[in-house]
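# Structural features, examined
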Amino acid sequence: LFAQALDNARDLEFSPGGTLLLTTPASGKVFALPDRDSNGSADENKTILSGLNKPHGLAFHDNKLFVVEETKVVRYNWDEENLKAGEDKKLFDLPKGGRHFTRTIEFKNDGQMFISLGSTCDVCYEKHEWIAAIIVSDSDGNSPRLFASGLRNAVFITTRPETGELWGTEMGRDFLGD
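What this report covers is the structure whose coordinates are included nearby. Every value quoted in this text rests on a predicted model; they were computed, and no experiment measured them. (Residues numbered from 1 in each chain as written. Predicted model: local features only at pLDDT ≥ 70, side-chain atom pairs only at ≥ 80, totals over all residues. Heavy atoms only, no water.)

On to the nonpolar core, then. Soluble globular proteins: nonpolar side chains tend toward being buried together. Core analysis: the biggest nonpolar cluster contains 16 residues, and V73, F92, L94, I105, M113 and I115 have the highest contact counts within it. Those elements that provide at least two residues to this core are β6 (64-68), β8 (84-93), β9 (103-107) and β10 (113-117). With three residues, β10 is the single largest residue contributor to this core. Counting 15 residues, the second-largest nonpolar core is a separate cluster that includes L21, L49, F60 and Y76. (Core = buried A, V, L, I, M, F, W, Y, C linked by side-chain atoms within 4.5 Å. Buried < 20%, exposed > 50% of the residue type's maximum accessible area, 1.4 Å probe, protein only. Helix = DSSP H or I, 4+ residues; strand = E, 2+ residues; numbered from the N terminus.)

Moving on, we get to the packing of aromatic side chains. One pair of aromatic rings is described through two measures. These are the centre distance and the angle between the planes. In total, this model carries four aromatic pairs according to the counting rule given. Measuring from ring centre to ring centre gives 5.8 Å for F60 and W78, while their planes differ by 70 degrees; the resulting arrangement is edge-to-face. Placement of F60 in strand β5 (residues 57-61) and of W78 in strand β7 (residues 72-79) is noted, with a sequence separation of 18 residues between them. Of the two residues, F60 and W78, both sit in the buried class. Sitting above the plane of the F101 ring, K54 keeps its charged end 5.1 Å from the centroid. (Phe/Tyr/Trp six-rings, centres within 6.5 Å; stacked < 30°, edge-to-face > 60°. Lys NZ or Arg CZ within 6 Å of the ring centre and 35° of its normal.)

This brings us to the sheet that holds β6. Here we have four strands laid out as an open sheet, ordered β5-β6-β7-β8, and antiparallel in their pairing. Both edges of this open sheet fall to β5 and β8, since each of them pairs with a single strand only. In this sheet, adjacent strand axes meet at a mean angle of 25 degrees when their direction is disregarded. Relative to β7, β6 is paired through five bridges, and the arrangement is antiparallel. If you follow V67 over to β7, its bridge partner there is V74. (Pairing = 2+ DSSP bridges. Axes fitted to C-alpha atoms, helices over the stretch in contact; angles between N-to-C directions.)

Structural data, given as structure tokens:
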């Protein structure tokens, strides 16, 4: 057991210094789980951010921590020694979610930032082109735009380092019926 009592942990990411961070959308928090003595168990569950709106996606790029909440993308200055995150810049707003509020973030080696947004419902036509899609921007949040659409709920995305290809898991339609 590495850690417990984490309010339905959702997304995991290691800091550049090797500290495990995780989001808990239901409680609106981001935790740091340092293992300073390298014994395979977290020494503490330290809340580094709280009061967030359903935080899900985490990523580090150029030693900055990026957190994607349901309705915005924020970049933080990361202090590894003290396990603290201070807001650097809100990059841009995202449309409100719904049934699938998750937003995942991933960076390519060249600094392109990708964010996946889940759909608002199980079977519907979305009103905003970014919903049920992946958007792309630079790491400063300039000119966010549609990258891929028709993705009901690509909850997690990643890049293949050798090629830069973007990969994702697609949560297809729920079937409710007999």
